[in-house]
Amino acid sequence: QGEKNMSVKTADREKSIWKSERLTIMAMMVALLGVSSYIVIPLPFTVVSITAQTMIVNLVGLMLSPQEALLVMVVWTLLGLTGVPVFTGGAAGPAKVFGPSGGYIFGFIVAAVLTSVFCKKTKNFKLQITFIIVAGIPIIYAFGAAWMKLMTGQPWGAVLVQSVLPFIPLDIVKCFAAAAICRALRRTGRF
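Residues numbered from 1 in each chain as written. Predicted model: local features only at pLDDT ≥ 70, side-chain atom pairs only at ≥ 80, totals over all residues. Heavy atoms only, no water.

1. Looking at helix α8 (residues 168-186)
For step 1, the next point in the chain: Look at α8: 27 Å from first C-alpha to last across 19 residues, which is about the 27 Å you get at 1.5 Å a residue.
For step 2, the next point in the chain: Three or more residues of α8 are buried, namely D171, K174, C175, A178, A179 and C182. Across the axial projection of α8, the buried residues extend over an arc of 140°, all falling on one side. Relative to its buried face, α8 has exposed residues pointing more than 90 degrees away, namely P169 and V173. (Helix = DSSP H or I, 4+ residues; strand = E, 2+ residues; numbered from the N terminus. Expected span 1.5 Å × (residues − 1). Buried < 20%, exposed > 50% of the residue type's maximum accessible area, 1.4 Å probe, protein only. Arc of directions from axis to C-beta.)

See the structure below:
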């Protein structure tokens with residue numbers, strides 16, 4: 001009886017440690033999203049900047065469960081909405097979320113969750129990388145471009161030049177970078 005109680009207590013302790021570990025990883029992902037927002041290359045012809053955010057969004061999708069990915073992205077968004085400077089270039093507040101480039105924020109949420117769902121279904125690393133390039137990034141672009149079109153009323157050609165085309169090459173590189181980081185972290189056995 002004593003041994004049984006001890007093994008139950010050990011199992012409970014391991015579960016709580018696991019939960020604490022997962023929460024810590026999720027908190028670190030929220031922090032990484034915030035930090036990546038400060039790595040900015042502004043472009044003179046658009047309100048959208050090149051940032052490291054897409055790399056971290058891909059990492060969130062590759063490494064976390066769908067529920068964890070959703071929670072990380074929603075917490076990051078809510079932090080920004082309430083005034084914590086976690087959006088591009090240290091921006092915050094509703095004006096950023098609902099401004100011309102706010103569609104990317106919504107696209108980040110959807111892309112991270114869908115990437116996570118896909119990565120749970122297939123463990124083939126090459127297929128996961130292919131998914132973030134051919135589906136994850138286009139999802140982000142679709143939300144970003146549609147929102148910019150809605151907010152500015154510009155023609156689609158101008159919207160695509162300002163919100164999609166200049167970002168494609170570097171976003172593909174960021175997909176491979178996120179995959180490389182993910183592969184290294186998976187070797188630790190924590191993911």
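2. As for the nonpolar core
For step 1, the next point in the chain: If you look at the biggest cluster of nonpolar residues, it comprises 46 residues, and the most contacted ones within it are V60, L64, V72, M73 and W76.
For step 2, the next point in the chain: Elements that contribute at least two residues to this core include exactly α1 (2-36), α2 (53-63), α3 (66-81), α5 (103-121), α6 (125-152) and α8.
For step 3, the next point in the chain: Residue contributions to this core peak at nine residues, all from α6.
For step 4, the next point in the chain: Among all residues touching V72, those that are not within four sequence positions of it are M26, M29, V30, L33, V60 and L64. (Core = buried A, V, L, I, M, F, W, Y, C linked by side-chain atoms within 4.5 Å. Contact = heavy atoms within 4.5 Å.)

3. Things to note about the pattern of salt bridges
For step 1, the next point in the chain: This structure, assessed with the given rule, holds two salt bridges.
For step 2, the next point in the chain: Salt-bridge contacts for R22 lead to E68; the nearest nitrogen and oxygen are separated by 2.7 Å. One end of the pair, R22, is in helix α1; the other, E68, is in helix α3, with 46 residues separating them in the sequence. By the burial criterion, R22 is buried, and E68 matches it.
For step 3, the next point in the chain: In this structure, K174 and D171 form a salt bridge, with 2.9 Å as the shortest nitrogen-oxygen distance. Highlighted residues: K174 and D171, both in helix α8, separated by three residues, approximately one helical turn. (Salt bridge = Lys/Arg side-chain N within 4 Å of Asp/Glu carboxyl O.)

4. Brief notes about α3
For step 1, the next point in the chain: Look at α3: 22 Å from first C-alpha to last across 16 residues, which is about the 22 Å you get at 1.5 Å a residue.
For step 2, the next point in the chain: Of all the positions in α3, only P66, E68, A69, V72, M73, W76, T77 and G80 are classed as buried.
For step 3, the next point in the chain: The positive-phi residue at the C-terminal boundary of α3 is G83, with phi of around 110°.

5. Looking at the packing of aromatic side chains
For step 1, the next point in the chain: For the structure on display, the rule yields six aromatic pairs.
For step 2, the next point in the chain: Considering the side-chain rings of F106 and W147, the 5.6 Å spacing of their centres and the 50° angle between planes classify their relative orientation as tilted. Taken together, the residues F106 in helix α5 and W147 in helix α6 connect sequence positions 41 residues apart.
For step 3, the next point in the chain: Residue class for F106 comes out partly exposed when judged on its relative accessible area of 27%.
For step 4, the next point in the chain: Ring plane angle 10° and centroid distance 4.3 Å describe the contact between F118 and F131, whose orientation is recorded as stacked. (Phe/Tyr/Trp six-rings, centres within 6.5 Å; stacked < 30°, edge-to-face > 60°.)

Taken by themselves, the reported measurements are silent on function.
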